[in-house]
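The lines below spell out each chain.
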Amino acid sequence: MPSIREGDRVMVISGKDLGRESRVARVLPRQGKVIVEGINTAKRHQKARGRELQAGIVDKDMPIDLSNVMLICEDCGPIRTGTGLSETGRKFRRCTKCHGEV
């Protein structure tokens, strides 16, 4: 199970979008990939589908490998995550630098 979830803020650490930050739109755990908003976009030709969708060339966010993104802590910046246990026994992700909950 990946430690990155939908809605997390991540930074790309390799590839053509190196250094860019954005939010995770979707996680594909079986493929080990994530779709990040505005990152790794490709032009796709779209066929018209009735009156709802018009034909044309659209930008589509393509998946990138989980190993190419790092989670961002509000205090520390790009981090690796660890796990911790709260007083109530709930498991949570924590920053390995500041030990705060992510």
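Now for a description of the structure that goes with this document. Owing to the predicted nature of the structure, the values given are computational and were not obtained by experimental measurement.

With that settled, consider the overall build of the chain. If you tally the helices and strands in the chain, you get zero helices and 10 strands. For the chain, the N- to C-terminal ordering of α and β elements is β-β-β-β-β-β-β-β-β-β. A compact globule built from 102 residues should have a C-alpha radius of gyration of about 13 Å, whereas the chain, at 17 Å, is more than 25% larger. If you line up the chain on its principal axes, its C-alpha atoms span 55 × 30 × 25 Å. Taken across its 102 residues, the chain has 30% of its residues classed as buried. Taking the contacts inside the chain whose residues are at least 6 apart along the sequence as the reference set, 33% of them involve residues at least 24 apart.

What follows covers the sheet that holds strand S6 (residues 64-65). Sheet strands associate in pairs through backbone hydrogen bonding, adopting either a parallel or an antiparallel arrangement. Overall, antiparallel pairing links the six strands, which are arranged S6-S3-S2-S1-S7-S8 in an open sheet. Two strands bound the open sheet, and with one partner strand each, they are S6 and strand S8 (77-79). Bridge analysis of strand S1 (residues 9-12) against strand S2 (residues 21-28) gives three bridges, and the strand direction is antiparallel. Note on S2: the bridge partner recorded for Arg9 is Arg23.

Definitions and cut-offs
- Residues numbered from 1 in each chain as written.
- Predicted model: local features only at pLDDT ≥ 70, side-chain atom pairs only at ≥ 80, totals over all residues.
- Heavy atoms only, no water.
- Helix = DSSP H or I, 4+ residues; strand = E, 2+ residues; numbered from the N terminus.
- Rg over C-alpha atoms; globule rule 2.2 N^0.38 Å.
- Buried < 20%, exposed > 50% of the residue type's maximum accessible area, 1.4 Å probe, protein only.
- Contact = heavy atoms within 4.5 Å.
- Pairing = 2+ DSSP bridges.

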